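# A structural walkthrough
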Amino acid sequence: MSDKVTLTDHQMYNLVEQYVQIKVDRMSHKDLEEHVKENLNDYYGDWSIDELETIIDSELFEELVDNVTTETSEAK
């Protein structure tokens, strides 16, 4: 395919969607897990503490804050 291909937005979306499906089908469960973790870390990493507090259950939020503010966590 030496000639430059021109696709509509819809065609481009479909091309990417098909490619993503093939990539996902070829991934192991471990690969999928790692990919999701990276995406979620990137996504939530941009949130403020106040924004995170609104989406995390209050008990879990307190536990997580405690986990990251203890001396053993700071030493890592």
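Calculation notes
Residues numbered from 1 in each chain as written. Predicted model: local features only at pLDDT ≥ 70, side-chain atom pairs only at ≥ 80, totals over all residues. Heavy atoms only, no water. Helix = DSSP H or I, 4+ residues; strand = E, 2+ residues; numbered from the N terminus. Rg over C-alpha atoms; globule rule 2.2 N^0.38 Å. Buried < 20%, exposed > 50% of the residue type's maximum accessible area, 1.4 Å probe, protein only. Areas by Shrake-Rupley, 256 points an atom, 1.4 Å probe, with all protein chains shown as cover. Lys, Arg positive; Asp, Glu negative; His and termini not counted. Charge placed at Lys NZ, Arg CZ, Asp CG, Glu CD. Patch = residues over 30% accessible without salt bridge, like charges linked within 9 Å, V, L, I, M, F, W, Y side chains within 5 Å. Salt bridge = Lys/Arg side-chain N within 4 Å of Asp/Glu carboxyl O. Phe/Tyr/Trp six-rings, centres within 6.5 Å; stacked < 30°, edge-to-face > 60°.

A tally of helices and strands in the protein chain yields five helices and zero strands. If you list the helices and strands of the protein chain from N to C, you get α-α-α-α-α. Scaling as 2.2 N^0.38, a compact globule of 76 residues should have a C-alpha radius of gyration of about 11 Å, whereas the protein chain reaches 20 Å, well beyond that. With the C-alpha coordinates of the protein chain rotated into their principal frame, the extents come out at 60 × 25 × 20 Å. When each of the 76 residues of the protein chain is scored for burial, the buried share is 3%. A total of about 7300 Å² of accessible surface is found on the protein chain, and carbon and sulfur atoms cover 53% of it. Seen as two clouds, the 6 positive and the 20 negative side-chain charges of the protein chain have centres 15 Å apart.

What follows is about a negative patch on the surface. A cluster of like negative charges, contributed by Asp50, Glu51, Glu53, Asp57, Glu59 and Glu62, occupies part of the molecular surface. Elements with a minimum of two residues in the negative patch: α3 (49-55) and α4 (58-69). Looking at the negative patch element by element, the count peaks at three residues for α3. Along the chain, Asp50 turns up in helix α3. Overall, the relative accessible area of 53% leaves Asp50 in the exposed class.

Now for a nonpolar patch on the surface. Judged by side-chain polarity, Val5, Leu7, Met12, Leu15, Val16, Tyr19, Val20 and Val24 come together as a nonpolar surface patch covering roughly 670 Å² of accessible area. You can see Leu15 is positioned in helix α1 (residues 9-26).

With that settled, consider the packing of aromatic side chains. Taken as a whole, this structure holds three aromatic pairs when the rule is applied. When the ring of Tyr44 is compared with that of Trp47, the centres are 5.0 Å apart and the planes differ by 75°; the resulting orientation is edge-to-face. Given a relative accessible area of 33%, Tyr44 falls into the partly exposed group. For Trp47, a relative accessible area of 24% gives the class partly exposed. Through a chain of ring-to-ring contacts, three or more aromatic side chains come together here, namely Tyr43, Tyr44 and Trp47.

Let us now look at the pattern of salt bridges. All chains considered together, the criterion is met by two salt bridges. A salt bridge links Lys30 to Glu34, with the nearest nitrogen and oxygen atoms 3.6 Å apart. Within this pair, Lys30 and its partner Glu34 are both found in helix α2 (residues 29-45), separated by four residues, close to a single helical turn. Residue Glu33 is joined to Lys37 by a salt bridge in which the shortest nitrogen-to-oxygen separation is 3.0 Å. Placement of both Glu33 and Lys37 in helix α2 is noted, with a separation of four residues, approximately one turn of the helix.

Inspection of the secondary structure puts Asp42 in helix α2. Residue Asp42 is classed as exposed on the basis of its relative accessible area of 56%.

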